[in-house]
Amino acid sequence: MQGSENCLTANDWICGEYVRTRGQELMDATLQHIGITAVSVLIGLLVAFPLALIARRSRAAAGPVLGLTTVLYTVPSLAMFALLTPVFGVSASVVITGLVLYSLTILVRNILAGLQAVPAEVREAARGMGYGPARLLFEVELPLALPALVAGLRIATVSTVAMTTIGSVVGYGGLGNLIASGMESLFKAEVLTASVLCVLLALMADGLLMGLQRLLTPWTRAQRRAGAGARRGLRAVRAGAE
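From a predicted model like this one, the values you see are computed outputs, not experimental measurements.

Moving on, we come to the nonpolar core. Membership of the largest hydrophobic core comes to 22 residues, with the highest contact counts inside it found for Ala48, Val108, Ile111, Leu115 and Leu142. Every element with two or more residues in this core is listed here: α3 (23-57), α4 (59-74), α6 (92-116) and α8 (133-164). For this core, the element with the most residues is α6, which contributes 7 residues.

In this section: the state of the cysteines. The final tally for this structure, using the stated rule, is 1 disulfide. Cys7 shares a disulfide with Cys15; S-S distance 2.0 Å. Here Cys7 and Cys15 share a disulfide; its torsion about the S-S bond, 55°, makes the bridge right-handed. Across this residue pair, the class does not change: Cys7 and Cys15 are buried.

In this structure the tally under the stated criterion is 7 salt bridges. Glu141 serves as the salt-bridge partner of Arg123, at 2.5 Å between the closest nitrogen and oxygen. With Arg123 in helix α7 (residues 120-128) and Glu141 in helix α8, this pair connects stretches of sequence that are 18 residues apart. Of the residues examined, Arg123 reaches a relative accessible area of 14% and is grouped as buried. Note that Arg135 and Glu139 form a salt bridge whose closest N and O atoms lie 3.1 Å from each other. Here the residue Arg135 and the residue Glu139 both occupy positions in helix α8, the gap between them amounting to 4 residues, near one helical turn. By relative accessible area, which is 39% here, Arg135 ends up partly exposed. One continuous salt-bridge network, built from bridges that share partners, spans Arg56, Arg123 and Glu141.

Moving on to the side chain of Thr164. Residue placement: Thr164 occurs in helix α8. For Thr164, the residues in contact, after removing those within four places along its chain, are His33, Ile36, Thr37, Leu99, Tyr172 and Gly173.

The next point concerns empty space enclosed by the protein. Within this structure, the stated rule accounts for 1 cavity of 30 Å³ or more. Its boundaries defined by the atoms lining it, the largest cavity holds a volume of some 50 Å³. Partitioning the lining of the largest cavity into residue classes produces 6 nonpolar, 3 polar and no charged.

Here the focus is the packing of helix α9 (residues 175-185) against helix α10 (residues 188-216). Packed helices, taken two at a time, are described by their axes: the angle between them and the distance between them. Between α9 and α10, the shortest axis-to-axis distance is 8 Å and the interhelical angle comes to 155°. When the axis of α9 is compared with that of α10, the two are roughly antiparallel. In this structure, α9 meets α10 at a crossing whose hand is left-handed. Residues Leu175, Leu178, Ile179, Ser181, Gly182, Met183 and Ser185 of α9 touch α10, and the partners they reach there are Glu190, Val191, Ala194, Ser195, Leu197, Cys198 and Leu201. Classifying every residue of the contact of α9 with α10 by side-chain character gives 9 nonpolar, 4 polar and 1 charged.

Taken together, the side chains of Trp13, Ile14, Leu192, Val196, Val199, Leu200, Leu203 and Met204 make up a nonpolar region of the molecular surface, amounting to roughly 810 Å² of accessible area. Along the polypeptide, Val196 turns up in helix α10.

What counts as what
- Residues numbered from 1 in each chain as written.
- Predicted model: local features only at pLDDT ≥ 70, side-chain atom pairs only at ≥ 80, totals over all residues.
- Heavy atoms only, no water.
- Core = buried A, V, L, I, M, F, W, Y, C linked by side-chain atoms within 4.5 Å.
- Buried < 20%, exposed > 50% of the residue type's maximum accessible area, 1.4 Å probe, protein only.
- Helix = DSSP H or I, 4+ residues; strand = E, 2+ residues; numbered from the N terminus.
- Disulfide = S-S within 2.5 Å.
- Salt bridge = Lys/Arg side-chain N within 4 Å of Asp/Glu carboxyl O.
- Contact = heavy atoms within 4.5 Å.
- 1 Å grid on protein atoms, 1.4 Å probe; cavity = no way out; pocket = protein on both sides within 12 Å on 5 of 7 lines; lining within 4 Å.
- Points joined across faces, edges and corners; volume = space filled by probe spheres on them.
- Nonpolar A, V, L, I, M, F, W, Y, C, P; charged D, E, K, R; others polar.
- Axes fitted to C-alpha atoms, helices over the stretch in contact; angles between N-to-C directions.
- Parallel < 35°, antiparallel > 145°, perpendicular 65-115°, else oblique.
- Left-handed = near helix turned anticlockwise from the far one by under 90°.
- Patch = residues over 30% accessible without salt bridge, like charges linked within 9 Å, V, L, I, M, F, W, Y side chains within 5 Å.
- Areas by Shrake-Rupley, 256 points an atom, 1.4 Å probe, with all protein chains shown as cover.

The analysis is restricted to geometry; functional conclusions fall outside its scope.
Next comes the structure, spelled out in structure tokens:
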């Protein structure tokens, strides 16, 4: 117990007393981190979806859309936040807007790739059954594009969890605020604890999205099982032939 109480004064990297005494601070930073990440990814998805549809509909528009989102991703985060601050002021909106812009290059490309991967014969069959453009998109194309879409969403979410920490430069970085404060004061327990929580958030978000993908695309599991069964049968045939 004595060692646990002394870890703060000893400035140890691992310190249970820090977690116990700063629990509310850690909770507030974690909730802010989750909120900024969730809002940024959601808005990014809402913006990326129509952009991907525009890029798919017109080859002339595909180049500028993909090019613009790629250019935005190359802008350094500190420069991005500095450019947005005169518009939004020192607020969470600066961080959210920057993260939305960064997420577009991943989300737009994955949504577009998923839609383009839908077999042409499937579209033709749906049209032959009387499906209009909207019904074709939401009932046929999007379900088949879900694996690629969710894959992009997973990458964008994990990236956003990491990049949210940079929002500490304007005071809205969630756990990044604690990391920056700990680095400035050389408070080891604060730096390590906030960093570990950030990693855990990324892993949890990725796991939740993976579970969501499996829930929404049960046919992919059936396809994998069928493929595994076919491979086992082929191996059995080959073994019998030998």
